[in-house]
Amino acid sequence: MGQTEHILVVDDHLEIRDLLGRYLSKYGYRVSLAENGEAMRRVLGKETIDLVVLDLMMPGEDGLTLCRELQGSETPPPIIMLTAMGEETDRIVGLEMGADDYVTKPFSPRELMARIKAVLRRSRHAVAAPEASSGRIMFDRWVFNRDQHQLEDESGVVIPLSTAEFRLLDVLVEHPRRVLTRDQLIDLTKGKDALPFDRSIDNQVSRLRKKVEQDPKQPTLIKTIWGGGYMFAADIKTEGHRS
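Predicted model only: the values in this text are computed from it and were never measured. Per-chain numbering applies: the sequence of each chain, read as written, is numbered from 1 onward. Only residues with pLDDT of at least 70 get local features here, since the model is predicted, and only at 80 or more are side-chain atom pairs given and counted; chain-wide, interface and lining totals rely on the full set of residues. Side-chain metrics rest on all non-hydrogen atoms present in the structure, leaving aside hydrogens and water.

## Things to note about helix α3 (residues 63-71)
Taken together, the buried positions of α3 are Gly63, Leu64, Leu66, Cys67, Leu70 and Gln71. Here the buried residues of α3 occupy an arc of 165° about the axis, which is enough to place them on one side. Pairing of N or O atoms within 3.5 Å defines a polar contact, subject to two protein rules: one partner must be a possible hydrogen donor and the other a possible acceptor, and residues neighboring in sequence count only if both atoms are side-chain atoms. The helix count covers DSSP runs of H or I at least four residues long, the strand count covers runs of E at least two residues long, and both are numbered beginning at the N terminus. Between a side-chain oxygen at the N-terminus of α3 and the backbone nitrogen of Leu64 the separation is 3.3 Å; the capping residue is Asp62. Residue exposure (1.4 Å probe, protein chains only): buried if accessible area is under 20% of the type maximum, exposed if over 50%, otherwise partly exposed. To be clear, the arc concerns the directions from the helix axis to the C-beta atoms.

As structure tokens, this is what we get:
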């Protein structure tokens, strides 16, 4: 099928790992399987992974712990979490930690495949267009390097950004001091891959605030406009160009 992406499935259930491994391989993806965090780290130490399918409820190190660890890496991969029906709170926490999407068990492999394709499309789009996202943006005490997909503080320390966080910050710095509704932000960051009733934009804003605001509970850079949406309120300076 022409696919070259490498997917890592992390799940303690052998049947689910094997099922997903066979299904994704059938459609041309490279697949690695891991039963726990230790096995996940072994794979990540040897392979470049384009997306992680991560089970939320696992003995020992659970999915939330591993999600936090993945998001702390220098180049965090996109993450789709597998959750049970009654795990809404943990699902929200997973999105706040940086997961790009989730699928609720029991699920069909076709549904998971559709979400994998959507997340990978968004990830490729975010990485693959330097002409559309070039230069360095300075705001507050931050330098946002669009070419490198990095956020640096005034000391040059790199703050890791997930794919979703990069897309959101990229949209915000492109529209400074303009109120953007949730629907506009969803459309600008996800485009045709947006799902009906997608509420993850609030979680993405919350995660990004934790990285750029001095006090995320009283934000001064990404302001909530009640009844409207959000506004990026920082003064920005630009190096380079944006074609």
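## Overview of the pattern of salt bridges
For this analysis, a salt bridge means a side-chain nitrogen from Lys or Arg found within 4 Å of a carboxyl oxygen belonging to Asp or Glu. This model, assessed by the stated rule, comprises 15 salt bridges. Close ionic contact of Asp11 with Lys105 constitutes a salt bridge, the shortest N to O distance being 3.6 Å. Of this pair, Asp11 sits in the loop between β1 (6-10) and α1 (14-26) while Lys105 sits in the loop between β5 (101-104) and α5 (109-127), and the two are 94 residues apart along the sequence. Accessibility assignment for this pair places Asp11 and Lys105 in one class, buried. With a shortest N-O distance of 3.2 Å, Glu165 and Arg207 are connected by a salt bridge. One end of the pair, Glu165, is in helix α6 (residues 163-174); the other, Arg207, is in helix α8 (residues 200-212), with 42 residues separating them in the sequence. What makes Arg207 buried here is its relative accessible area of 3%.

## Looking at the sheet that holds strand β12 (residues 229-232)
Pairing between strands is defined by DSSP: at least two bridges between the two strands are required. Pairing is antiparallel in the open sheet, where three strands are placed in the order β10-β12-β11. Each edge of the sheet is formed by a strand with only one pairing partner; in this case those strands are β10 (179-180) and β11 (222-225). Pairing of β11 with β12, which is carried by four bridges, proceeds in the antiparallel orientation. Residue pairing for β12: Ile222 is matched across the bridge by Phe232. Residue contacts are defined here by distance: any two heavy atoms, one from each residue, within 4.5 Å place the two residues in contact. Axis definition: a line fitted to C-alpha atoms, limited for helices to the stretch in contact. Angles are taken between N-to-C directions and run from 0 to 180 degrees. Along the sheet, α8 makes contact with β11 and β12, crossing β11 at roughly 145°.

## Let's talk about the packing of aromatic side chains
In this scheme Phe, Tyr and Trp rings, the latter by its six-membered ring, pair at centre separations within 6.5 Å, and the angle between planes marks the pair as stacked below 30 degrees, edge-to-face above 60, and tilted otherwise. The tally for this structure, following the rule as stated, stands at three aromatic pairs. Aromatic pair Tyr23 and Tyr27: ring centres 5.2 Å apart, planes at 50°, arrangement tilted. Note on Phe139 and Phe232: the rings are 5.2 Å apart at their centroids and 75° apart in plane angle, and the pair reads as edge-to-face. Taken as a pair, Phe139 in strand β6 (residues 136-139) and Phe232 in strand β12 lie far apart in primary sequence, 93 residues in all. The burial state of Phe139 is the same as that of Phe232; both residues are buried.

## Considerations on the pairing of strand β8 (residues 150-153)
With four bridges joining them, strand β7 (residues 142-145) and β8 adopt antiparallel strand pairing. Across the sheet, residue Trp142 finds its bridge partner in β8, namely Asp153. Between β7 and β8, which pair antiparallel in sequence order, lie four residues; one of them, His149, sits at a positive phi of approximately 55°. Strand direction decides the pairing type here: β8 and strand β9 (residues 158-159), joined by two bridges, are antiparallel. Its bridge partner lying in β9, Leu151 is registered against Ile159.

## Digging into the packing of helix α2 (residues 37-46) against α3
Two elements in contact, α2 and α3, have axes whose closest approach is 11 Å; the angle formed by their N-to-C orientations is 25°. Considering their axes alone, α2 and α3 lie roughly parallel with respect to each other. The two elements α2 and α3 meet at a crossing, and its hand is right-handed. Contacts between α2 and α3 involve Gly37, Met40, Arg41 and Leu44 from the former and Leu66, Glu69 and Leu70 from the latter. Classifying every residue of the contact of α2 with α3 by side-chain character gives four nonpolar, one polar and two charged. We call two directions roughly parallel when the angle between them is under 35 degrees, roughly antiparallel when it is over 145, roughly perpendicular when it lies between 65 and 115, and oblique otherwise. Two helices crossing with the near one rotated counterclockwise from the far one by less than a right angle form a left-handed crossing, whereas a clockwise rotation gives a right-handed crossing. Asp, Glu, Lys and Arg are counted as charged, while Ala, Val, Leu, Ile, Met, Phe, Trp, Tyr, Cys and Pro are counted as nonpolar; the rest, among them Gly, fall into the polar class.

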